[in-house]
Every structure is written in structure tokens, then in C-alpha cells.
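Commentary on secondary and tertiary structure
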Amino acid sequence: MSDSTQGCDTYDVVVVGGGAAGLSGALALARARRSVLVIDAGEPRNAPAAHAHNYLGREGVPPRELLADGRAEAAAYGARIVAGEAVGARALPGGGFRVERADGPAVEGRRLLVTTGLVDELPPVPGLAEQWGAGVLHCPYCHGWEVRTRPVGVLATSPLAVHHALLWRQWTDDVTLFRHLADDFGEEEHEQLAARGVTVVEGEVARVEARDGRLTGVRLASGEVVAREALVVQPRFTARSGVLEGLGLVPTAMEMSGQVLGTYIAADPTGATDVPGVWVAGNVANLMEQLVGAAAAGLKAAAALNADLVAEDTRRAVEARRSPSTDPGDRMTDDLTDDSTARTDTGTRTDAEMWDDRYRESDRIWSGNPNTVLVREVADLEPGRALDLGCGEGADAVWLARQGWHVTATDLSRVALGRAAGHAADAGVTDRIDWQWHDLGVSFPEGEFDLVSAQFLHSMGDLPRERILRRAADAVAPGGILLVVGHAGFPHWEKNPDPRVPFPTPEEVLASLEPAPGEWEVLLSGEHERVQNDPDGNPTTRTDNALKIRRTG
């Protein structure tokens, strides 16, 4: 992959939209132990309403209170929720999606769930917008009870005007239908309205009247004012679908009698769109969905998403199991105390995909402990800026951050980086670590660092280790430290050691840096032994080596 993807946090699922559908989906996915990010623009459609209705167990709850509770519930299971606007999304060559944000760094997800809702576009009648959600209503199931038995008007703006007037007649026997600019109703419709006692008023509506913030009537172009306490309008429902345009998903028009009532993103019953890996839920996919239905749609989409991810994880696990290079006898190392960087497998997958698959094999690949040489050699240093090359699941980076370092941590695996970010959040050091994706043979973090740590930078393939270490040395600030720790050879249980894998001595590592005379001071250079369990769980001795050098002023 290109450098353009560097610096992105990666999740199993990125949810765009933090309403009922998005939070319901995030909750279900987080409970399924998926890494989830919710990007919430903070613009709920029902914000003007004082209360939400027909949500079993939460009847009458203020909408923002319901969302706050939903965010807390999803976060309690590990979902990450950030405020901001997602402005675009695109598919990545190796799979997954990159989501651009207006006010933050881009993020990536293996799957997308878009729950951005819709925009209610109101008729251009003065005074209408000011009363939206208070005296101007559209859904009888949301607001009918609150205006029961009171004088209600219905503004004819769509072919459904007569239907709406008859529907609202269920809540009050004082309904007036304002024909406004609509074509005249048919003879059968006039008969239905008359039979139900609905009054029809001819003439264009000029404005909505209000006093002290309360709707009082409807003024016609003739000057006549018809007293009303509520006015029903049919907005045009326009899907908030801009984030999907880069993926080729365009809204579908919903028409009736040649008039467009709104737009939506087409999807199957689970919310799956025509773009594999992208789901939609809530009003962006169903213009008539109410709050409880949107939440249910989010849950349904989450279940389908998780099933899709399970199928992918299983397929990759089977491929990894069948690959000779992933058999324990052929692995470079199964070191459960080290964090390593890229290795190259045979086949068509990239190194990044190989390592993503490796990390998906288990919730934790490494021990979760920082490397012992790092702890020993860095504990007494004054904290500054650190660079951790091949950070894996983040144990070294988290330990450094806890000591007061500001850390840039890189890895080839987005799965590992996402997991590491979670460990940093658990440790309370998120603000001290910048997680960056790099294929170190192609791209490298910018800046100078007081400490550059390369722990077990080995590969079973064509990793340009010497070039990477030279770039690592170049990144060390004057007076700073370069710490390179590696294996001195294969473990004794390795039956088929790969001759392509080099195990240079510390002296050879130093020579490969091509240092200028007097440029570096050697603080540590030598081999050391440590205890490591073999694949059968038996303790054994492993020989490693370390080079610690300081750049002179």
C-alpha cells in the first residue's frame, strides 16, 4: 500500500452517524468483541423535539438523553465515539475503507456502517421553519397524542395530503386541510374528507402565525387567518449520503404521482448496499423509519456485518493454516515476549495482509509485557520523544508513555495498531502515543527523536533491514539513543531454518549504519541469554543481542 494510508487508526467497523441506528449497531458490534469507531456529527434529526415517543421502555425520553445513554452503553463495551463530520470514504486496494474527516485524521475500517439519517426540507412558507418540531409537525405517531383534540391544520404539499388529513383525524375531530398550491383533489377524496368532517380551505398559504413562541394560526395570501394550534407538513426527505458518493453509492428517488418525496440509499433487508462491505441503517435507507425502527435496523445491520467479518476471518484462518509458512515448524519465531515487524510469506498476499491475519489468529499474540532490554536500558533516561519501530500490540509504546515519553509507534499491521490503540486507552496514555502505519521499507516516520527503538526487526523475506536501521539512525536527535535488539539465531526447535534470515552481530549492525568517525558513542554491544518457552510450553534458553549507541552532540 502507498504512504497515503500512513497514520490511520484501523477498526473492524467504522460507523458514520451517532443516532439510534448507529449507536445500536455499535453496541451490538462492541458486544461481539469487534473494534468499533463511531463518528458522530452531533446533528440528530429529532433535535428540535422535546421528547421521543414509541420507544418501548423509554417513552417520552428527551432525544439527547437517549443518545447520551446510548453512547455510554456502547462505550462501556469498548466502542470508541468521536465528535466530527465524515466527509468522504473510499475503498482501499487491499480491502477495507478509508474515511476522511473534516476535523480530524482519517480512519480506516474493514467494514462501514453508515447511519447518517436524512434532512427534512420544508416548504418555503415564512414562519414554518421556526416552528419545526414544536407547532409544525409531520408524524402523528410522534406528536399526535400531544395535540389530541386540538385544532390541527394540514398543508397540502404532496400527493399524500388527503391521506395525512384523514390520518390526523384519528387524533382530533378538528382538522383543516389547506390546499395551498396543490392540484384540486378528486371527487372521491372530497367525499372522504367530507365524510370525516375535514374542512378544506382554498388559497395559497402566506405564512405561519405564532405568538410567544406558540403557533396560533395560518395566514392565507388573501389576508385571512385560520386559527390553528398545530400545522402538519410533508417535508421532502433527503438522505444524508454525501459520505457514500466516493464509493459510487448514489441516492434513489422515492416518487409518487410523478413527484419526488425524497431520496434514500438502496439496500437489502439487512442493510447491505451494492458495495461489498458497506451497510446502511435508519433513515438514510428508509425514509419512513421511526426511532425504534432505526435502532432495530442498526442491530440487524450489525449482526449481518459481524457474520460477514466472521466469514472473512475464517477464510483467512483456513488460508493461513494451509500455508506452509504459517506452520509452527516454519515460523521465524513464536516469541511471546517480543514485538516484531514484517515477515514475508509466499503467495499473493502482501506482508501487511499476512501480519493482519497473524494478529487475527488470537486476541493477543505477544505477552503484553514490554521487552526486557528496553526496560533495562531506558528506565534511567530522561523522557522525551521516542520512536518505536514495529510496535506490534503496543506493549513497548505503552510502557514508554507511562514513563513520560511522547511516542510515535509504527507497525505494518493495521490490526495490531488498532489493538495497540485499545491497550493505550486502557492504560490512560492515548494522548502520549501517535500510532502510524508504515511499511518501513517504503515509508518512514518524520521528525527527530530522543530514543529510537527497533526490537527484533527480523524478516523471513526481503526486508531491507540495513536501510531501515540507517533511517532509524538518521532519525536520532543529537544526544539521543538508538537501541537495536535482535535474535542471535534461530531457536533450537526450528526444524527448517530459513537461510535468507540474517542475524547480524551488534558489531555488524553498527558497521551497517556507516557511521562517520566520532558520530556515535557505543554504550552497549553484546549478547545476552533469556528464558523462553518452546512451542510445547517447556522453558528453554534463547540468545539475543543488543546495540545501544548515543549520537554525539
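Predicted model only: the values in this text are computed from it and were never measured.

Buried within helix 11 (residues 465–474) we find Arg 465, Ile 468, Leu 469, Ala 472 and Ala 473. Looking down the long axis of helix 11, one finds its buried residues gathered within 140 degrees of arc, a one-sided arrangement. On its buried side, helix 11 packs onto strand 20 (385–389), strand 23 (449–455), strand 24 (476–487), helix 12 (506–512), strand 25 (520–533) and strand 26 (539–551).

Now for the pairing of strand 3 (residues 80–83). Within a regular strand, the side chains alternate between the two sheet faces. Bridge count between strand 2 (residues 36–40) and strand 3: four bridges; the pairing is parallel. Residue Ile 39 lies in a different strand from strand 3, and its bridge partner there is Val 82. For the handedness criterion, the β-α-β arrangement of strand 2, helix 2 (residues 63–76) and strand 3 is classed as right-handed.

Confidence in the prediction of the chain, expressed as mean pLDDT, is 87, and 92% of residues score 70 or more. Across residues 1–7 the pLDDT falls below 50, and counting only partners more than four positions away or on other chains, this stretch makes 19 contacts in the model. Note that residues 324–347 has pLDDT below 50 and, in this model, 92 contacts with residues that lie over four places away or in other chains.

Attention now moves to the sheet that holds strand 25. Judged by pairing direction, the sheet is mixed, and its seven strands sit side by side in the order 22-21-20-23-24-26-25 without closing on themselves. Unpaired on one side and paired on the other, strand 22 (433–437) and strand 25 mark the two borders of the sheet. Sheet twist, expressed as the mean angle between neighbouring strand axes with direction ignored, is 15 degrees. The sheet contact formed by strand 25 and strand 26 spans 13 bridges and is antiparallel.

Another point: the pattern of salt bridges. Applying the stated criterion across every chain yields a total of 25 salt bridges. With a shortest N-O distance of 3.9 Å, Asp 12 and Arg 34 are connected by a salt bridge. Here Asp 12 is found in strand 1 (residues 9–16), whereas its partner Arg 34 is found in the loop between helix 1 (20–31) and strand 2, with 22 residues between them in sequence. Owing to a relative accessible area of 12%, Arg 34 belongs among the buried residues under this scheme. Between Lys 548 and Glu 377 there is a salt bridge, and its shortest N-O distance comes to 3.1 Å. With a gap of 171 residues between them, Lys 548 in strand 26 and Glu 377 in helix 8 (residues 372–378) connect regions that are remote in the sequence. Just as Lys 548 is buried, Glu 377 falls in that class too.

You will see that His 180, though not glycine, has its phi angle at about 55 degrees, which is positive. As for its placement among the helices and strands, His 180 is situated in the loop between strand 10 (175–178) and helix 5 (187–195). What makes His 180 buried here is its relative accessible area of 13%.

Right, let's get into the packing of helix 7 (residues 351–360) against helix 10 (residues 414–427). Running from N to C, helix 7 and helix 10 cross one another at 45 degrees; their axes reach a closest spacing of 7 Å. It follows from the interaxial angle that helix 7 and helix 10 lie oblique. Each of Asp 356, Tyr 359 and Arg 360 in helix 7 lies in contact with helix 10, whose residues at this interface are Arg 414, Val 415, Ala 416 and Arg 419. Partitioned by chemical class, the residues of the contact of helix 7 with helix 10 number three nonpolar, no polar and four charged.

Looking now at the nonpolar core. Counting 35 residues, the largest nonpolar core has Val 378, Leu 400, Val 407, Ile 433 and Trp 435 as the members making the most contacts within it. For this core, the secondary structure elements donating two or more residues are helix 7, helix 8, helix 9 (395–402), strand 21 (406–411), helix 10, strand 22 and strand 24. No other element matches helix 10, which puts six residues into this core. In this structure Leu 400 touches Leu 374, Val 378, Ala 386, Trp 405, Val 407 and Leu 451, once residues within four positions along its chain are discounted.

It is worth spelling out the packing of aromatic side chains at this point. Within the structure shown, the criterion is met by four aromatic pairs. Both rings, one in Tyr 141 and one in Trp 171, keep their centres 5.6 Å apart while their planes meet at 85 degrees; by these two values the pair is edge-to-face. Here Tyr 141 is found in helix 3 (residues 140–143), whereas its partner Trp 171 is found in the loop between helix 4 (161–168) and strand 10, with 30 residues between them in sequence. Relative to Trp 171, the ring of Trp 168 has its centre 6.3 Å away and its plane inclined at 50 degrees; by these criteria the two rings are tilted. You'll find Trp 168 and Trp 171 in the same group, each marked buried.

On to the sheet that holds strand 10, then. Read across the sheet, five strands follow the order 8-15-9-10-11 without closing on themselves; strand pairing throughout is parallel. A single partner strand is all that each edge strand has here, and the edge strands are strand 8 (136–137) and strand 11 (199–201). Two elements, strand 10 and strand 11, share three bridges in a ladder whose sense is parallel. Within strand 11, the position partnered with Phe 178 by the bridge is Val 201. Sheet contacts for helix 4: strand 8, strand 9 (152–155), strand 10 and strand 15 (230–232); angle to strand 10, the most-contacted strand, approximately 170 degrees.

Across its 14 residues, helix 10 extends 20 Å between first and last C-alpha, which sits within 8% of the 20 Å expected from 1.5 Å per residue. Among the residues of helix 10, those classed as buried are Arg 414, Val 415, Ala 416, Leu 417, Arg 419, Ala 420, Ala 421 and Ala 424. A distance of 3.3 Å separates the backbone nitrogen of Val 415 from a side-chain oxygen at the start of helix 10, and that oxygen is part of Ser 413.

Turning our eyes to something else, we now look at the packing of helix 1 against helix 2. Packed helices, taken two at a time, are described by their axes: the angle between them and the distance between them. In contact at an axis separation of 9 Å, helix 1 and helix 2 are set at 20 degrees when each is read in the N-to-C sense. In terms of axis orientation, helix 1 runs roughly parallel to helix 2. Of the two elements, helix 1 crosses helix 2, and the hand of that crossing is left-handed. Of helix 2, the residues touching helix 1 (which contributes Ala 20, Leu 23, Ala 26, Leu 27 and Ala 30) are Leu 67, Gly 70, Arg 71, Glu 73 and Ala 74. Of the residues that constitute the contact of helix 1 with helix 2, the class distribution is seven nonpolar, one polar and two charged.

Its relative accessible area of 13% is what places Asp 12 among the buried residues. At 3.1 Å, the side chain of Asp 12 forms a polar contact with the side chain of Arg 110. Apart from the residues lying within four places of it in its own chain, the contact partners of Asp 12 are Arg 34, Ser 35, Gly 109, Arg 110, Arg 111 and Leu 309.

Moving on, we come to the environment of Arg 196. Looking at the secondary structure, you find Arg 196 in the loop between helix 5 and strand 11. Sequence-wise, Arg 196 and Ala 165 are 31 residues apart; in three dimensions their C-alpha atoms are separated by 9.6 Å. In contact with Arg 196, other than residues within four places in its own chain, are Leu 166, Arg 169 and Gln 170.

Rules behind the numbers
- Residues numbered from 1 in each chain as written.
- Predicted model: local features only at pLDDT ≥ 70, side-chain atom pairs only at ≥ 80, totals over all residues.
- Heavy atoms only, no water.
- Buried < 20%, exposed > 50% of the residue type's maximum accessible area, 1.4 Å probe, protein only.
- Helix = DSSP H or I, 4+ residues; strand = E, 2+ residues; numbered from the N terminus.
- Arc of directions from axis to C-beta.
- Contact = heavy atoms within 4.5 Å.
- Pairing = 2+ DSSP bridges.
- Right-handed = clockwise from strand over helix to strand, strands pointing away.
- pLDDT = per-residue confidence, 0-100.
- Axes fitted to C-alpha atoms, helices over the stretch in contact; angles between N-to-C directions.
- Salt bridge = Lys/Arg side-chain N within 4 Å of Asp/Glu carboxyl O.
- Parallel < 35°, antiparallel > 145°, perpendicular 65-115°, else oblique.
- Nonpolar A, V, L, I, M, F, W, Y, C, P; charged D, E, K, R; others polar.
- Core = buried A, V, L, I, M, F, W, Y, C linked by side-chain atoms within 4.5 Å.
- Phe/Tyr/Trp six-rings, centres within 6.5 Å; stacked < 30°, edge-to-face > 60°.
- Expected span 1.5 Å × (residues − 1).
- Polar contact = N/O pair within 3.5 Å; in protein donor to acceptor, adjacent residues only side chain to side chain.
- Left-handed = near helix turned anticlockwise from the far one by under 90°.

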